[in-house]
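Chains, contacts and geometry: an overview
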Amino acid sequence: MNSKKEFDQVINERFSCRSFTSDRIKMEELNYILEAGRLAPTAKNKQSERIIVVENENLLEKLKEATPCTFDAKTVLIVCYDKNACWIRSTDGKYHGEIDATIVATHMMLAATSINLGSTFVCAFNYDILKNVLDLPENFIPVCMLPIGYPKEIKPHNTRLDLEDIVIYK
Ligand SMILES: Cc1cc2nc3c(=O)[nH]c(=O)nc-3n(C[C@H](O)[C@H](O)[C@H](O)COP(=O)(O)O)c2cc1C
């Protein structure tokens, strides 16, 4: 596994990678990424995330029925939450599984960058087709997909608004 980057390098160098080499990432790299997801905070520590790892060639092909955004990565993680496991806020009944899954996915995306792998946070998928292709139980709600691999080229991330455009001091 490649040496890990400093945190400021990770957040500066992460970009949405949409082009990968044909090599599958190593098992130790996958485990490093999954472990970073496991350590993410979740509402009430309910750990409602459920991560489907797809590396099987047939299934990778089938995923393309659900999304145009696998980018031919050889490893695709589908980050779900279990709606029977997540915290539900009592004051308004809000399910927090989607937030759990998003934080878990972000941890994993940054972990991937830290070991020089590329990934993209993907939400452009057909929910029903994806559930069907993966044969997900009714209580598993897919939130995002992370195609992961070795970047074909390193790019800068997209431009950002200035802090003054997004931060409001009161
Ligand atoms: C919630 C969310 C959904 C996204 N869905 C997709 C997607 O379906 N397909 C895709 O190519 N990129 C997707 N992206 C990546 C964004 O387009 C990307 O993060 C943004 O343009 C900034 O570019 P950067 O990540 O390179 O900085 C998504 C990102 C987020 C946070």
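Residue positions are given per chain, counting from 1 as you read along its sequence in written order. Where local features are concerned, this predicted model is filtered to residues with pLDDT of at least 70; where side-chain atom pairs are given and counted, the filter is 80 or more; whole-chain, interface and lining totals use all residues. The side-chain quantities take in all heavy atoms of the structure and omit both hydrogens and water.

Considering the environment of Arg38
Convention followed: Only DSSP runs of H or I covering at least 4 residues are called helices, and only runs of E covering at least 2 are called strands; the numbering of each starts at the N terminus. Polar contact criterion, stated in full: a pair of N or O atoms within 3.5 Å, where within protein one must be able to donate a hydrogen and the other to accept it, and residues adjacent in sequence count only if both atoms are side-chain atoms.
Inspection of the secondary structure assignment puts Arg38 in helix α2 (residues 27-38). C-alpha of Arg38 to C-alpha of Ile51: the two residues are 13 residues apart in sequence and 9.7 Å apart in space. Of the polar contacts made by the side chain of Arg38, one reaches the side chain of Glu35; its length is 2.8 Å.

Quick word on the site of the ligand
Going by this rule: Put simply, a residue is near a molecule or strand once any heavy atom of it comes within 4 Å of that molecule or strand. Per-residue and other accessible areas were derived by the Shrake-Rupley procedure at a 1.4 Å probe size, with only the shown protein chains allowed to occlude residues. By the convention adopted, Pro, Cys, Tyr, Trp, Phe, Met, Ile, Leu, Val and Ala count as nonpolar, Lys, Arg, Asp and Glu as charged, and the other residues, Gly among them, as polar.
Surveying the vicinity of the ligand reveals 14 residues, the closest of which are Ser16, Arg18, Phe121, Ala124 and Arg160. At 2.9 Å, a side-chain N or O of Asn158 approaches an oxygen atom of the ligand. Protein chains shield 65% of the accessible area of the ligand, which is 620 Å² for the free molecule. For the shell around the ligand, the per-class residue count stands at seven nonpolar, four polar and three charged.

Digging into the pattern of salt bridges
Stated formally: Salt bridges are counted wherever a side-chain nitrogen of Lys or Arg sits within 4 Å of a carboxyl oxygen of Asp or Glu. Each residue is assigned to one of three classes by its accessible area relative to the maximum for its type, calculated with a 1.4 Å probe on protein chains only: buried under 20%, partly exposed between the two thresholds, exposed over 50%.
Evaluated as defined, the whole model comprises twelve salt bridges. A salt bridge links Glu57 to Arg24, with the shortest nitrogen-to-oxygen separation between them at 3.9 Å. With Glu57 in helix α3 (residues 57-63) and Arg24 in the loop between α1 (7-13) and α2, this residue pair connects regions lying 33 residues apart in the sequence. By relative accessible area, Glu57 is classed as partly exposed at 42%. With a relative accessible area of 37%, Arg24 lands in the partly exposed category. Here Asp92 makes a salt bridge to Arg89, at a shortest N to O gap of 2.8 Å.

Side note on the side chain of Ser48
So the rule is basically this: Between two residues, a contact is recorded if the distance between any of their heavy atoms is within 4.5 Å.
Note that Ser48 resides in the loop between α2 and β1 (49-54). The class for Ser48 is buried, based on a relative accessible area of 0%. A distance of 2.8 Å separates a polar atom in the side chain of Ser48 from a polar atom in the side chain of Asp100. Among all residues touching Ser48, those that are not within four sequence positions of it are Cys80, Tyr81, Asp82, Ala85, Cys86, Gly97 and Asp100.

Details of the nonpolar core
Quick note on the threshold: Definition used in this section: a nonpolar core is a set of buried Ala, Val, Leu, Ile, Met, Phe, Trp, Tyr and Cys residues joined via side-chain atoms within 4.5 Å.
Among the nonpolar cores identified, the biggest contains 24 residues, and Ile33 and Leu117 are the most heavily contacted of them. Mapped onto this core, the elements with two or more residues apiece are α2, β2 (75-82), α4 (97-114) and β4 (140-149). Among residues more than four places away in sequence, those in contact with Leu117 are Ile25, Glu29, Ile33, Ala112, Ile148, Gly149, Tyr150 and Pro151. Core analysis: the next-biggest nonpolar cluster, separate from the first, contains 21 residues, Leu60, Val76, Ile78 and Cys80 among them.

Some thoughts on the sheet that holds strand β3 (residues 118-119)
Rule in force here: Being paired, for any two strands, means DSSP has found at least two bridges between them. All axes are obtained by fitting lines to C-alpha atoms, using only the stretch in contact for helices, and the reported angles, taken between N-to-C directions, cover 0 to 180 degrees.
Within the open sheet, the four strands sit side by side as β1-β2-β4-β3. Their pairing is antiparallel. The outermost strands of the open sheet, each flanked by one partner alone, are β1 and β3. By the bridge criterion, two bridges tie β3 to β4 in an arrangement that is antiparallel. Note that in β4 the partner of Ser119 across the bridge is Ile148. The strands touched by α2 are β1, β2 and β4; relative to β1, the strand with the most contacts, the crossing angle is about 165°.

Keep in mind these values describe shape, not function.
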